[in-house]
Amino acid sequence: MEPSTLVLAGILLLALITVESGGAFLVRVAAGGVPANDLQKSWYRAGHAHAAVLLVLSLAILAFADHLDVPTWVDWIARSGVPVAAILMPAGFFLSVLGKNPEKPNRLSLLIGLGAASLTAGLLAAGIGAIATGAGSA
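Residues numbered from 1 in each chain as written. Predicted model: local features only at pLDDT ≥ 70, side-chain atom pairs only at ≥ 80, totals over all residues. Heavy atoms only, no water.

1. Some details on the overall build of the protein
Here is step 1: Scanning the protein for helices and strands turns up four helices and zero strands.
Here is step 2: Along the protein, from the amino end to the carboxyl end, the secondary structure elements read α-α-α-α.
Here is step 3: Summarising its shape, the C-alpha atoms of the protein cover approximately 55 × 25 × 20 Å along the three principal directions.
Here is step 4: Of all 138 residues assigned to the protein, the portion counted as buried reaches 37%.
Here is step 5: A fraction of 76% describes how many contacts in the protein between residues 6 or more apart in sequence connect residues 24 or more apart.
Here is step 6: Put simply, the protein shows about 8,000 Å² of open surface, and 71% of that area lies on carbon and sulfur atoms.
Here is step 7: Averaged over its 7 positive side-chain charges, the protein has a centre that lies 20 Å from the centre of its 7 negative ones. (Helix = DSSP H or I, 4+ residues; strand = E, 2+ residues; numbered from the N terminus. Buried < 20%, exposed > 50% of the residue type's maximum accessible area, 1.4 Å probe, protein only. Contact = heavy atoms within 4.5 Å. Areas by Shrake-Rupley, 256 points an atom, 1.4 Å probe, with all protein chains shown as cover. Lys, Arg positive; Asp, Glu negative; His and termini not counted. Charge placed at Lys NZ, Arg CZ, Asp CG, Glu CD.)

2. Points about the packing of helix α2 (residues 38-65) against helix α3 (residues 72-95)
Here is step 1: Look at α2 against α3: their axes get within 8 Å of each other, and the N-to-C directions meet at 170 degrees. Here α2 is positioned roughly antiparallel relative to α3, judged by the angle of their axes. (Axes fitted to C-alpha atoms, helices over the stretch in contact; angles between N-to-C directions. Parallel < 35°, antiparallel > 145°, perpendicular 65-115°, else oblique.)

3. Observations regarding the pattern of salt bridges
Here is step 1: Throughout the structure, instances matching the rule amount to two salt bridges.
Here is step 2: Linking arginine 79 and aspartate 66 is a salt bridge whose minimum nitrogen-to-oxygen distance equals 2.6 Å. On the criterion of sequence distance, the pair formed by arginine 79 in helix α3 and aspartate 66 in the loop between α2 and α3 is long-range, its members being 13 residues apart. (Salt bridge = Lys/Arg side-chain N within 4 Å of Asp/Glu carboxyl O.)

4. A few points about the confidence of the model for the protein
Here is step 1: This prediction gives the protein a mean pLDDT of 95; 99% of its residues lie at or above 70.
Here is step 2: In the model of the protein, helix α1 (residues 3-30) stands out as the element of lowest mean pLDDT, 94, in contrast to α3, which has the highest, 97. (pLDDT = per-residue confidence, 0-100.)

5. Considering the nonpolar core
Here is step 1: Membership of the largest hydrophobic core comes to 29 residues, with the highest contact counts inside it found for Trp43, Tyr44, Leu54, Met89 and Leu119.
Here is step 2: Listing elements by their share of this core, those giving two or more residues are α1, α2, α3 and α4 (110-137).
Here is step 3: Among the elements that make up this core, the one with the highest residue count is α2 (nine residues).
Here is step 4: Setting aside residues no more than four positions away along its own chain, methionine 89 makes contact with His50, Leu54, Leu111, Ile112, Gly115, Ala116 and Leu119. (Core = buried A, V, L, I, M, F, W, Y, C linked by side-chain atoms within 4.5 Å.)

Here is the structure:
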């Protein structure tokens, strides 16, 4: 792996510690130690799940990103799209239901859509880049 890829992988692995602490928070919510309504509970769970899955997916993409034969801007999207989504989507889930007994998510839920767009761009760049690189070397 390239040194810059290893650095990003290290950052992503350390970011998983925040997901671990989010899990501890969810345990406190489920045990009644942190007051939360049904909307908050479901959105907190969704935020936690998206954070974990997207960080692990980011690591999986890095496993082959150094081998892509694509323009620099495509490589950048392939490497950063999913990690950016791993920040935006969970932030949207958590931040949009903060407060005392919200009835619906606030405008920060827009972060979920922005994260989804970043996720899609990253997956497209990595997927098409992998297919193009594989087909080009066959």
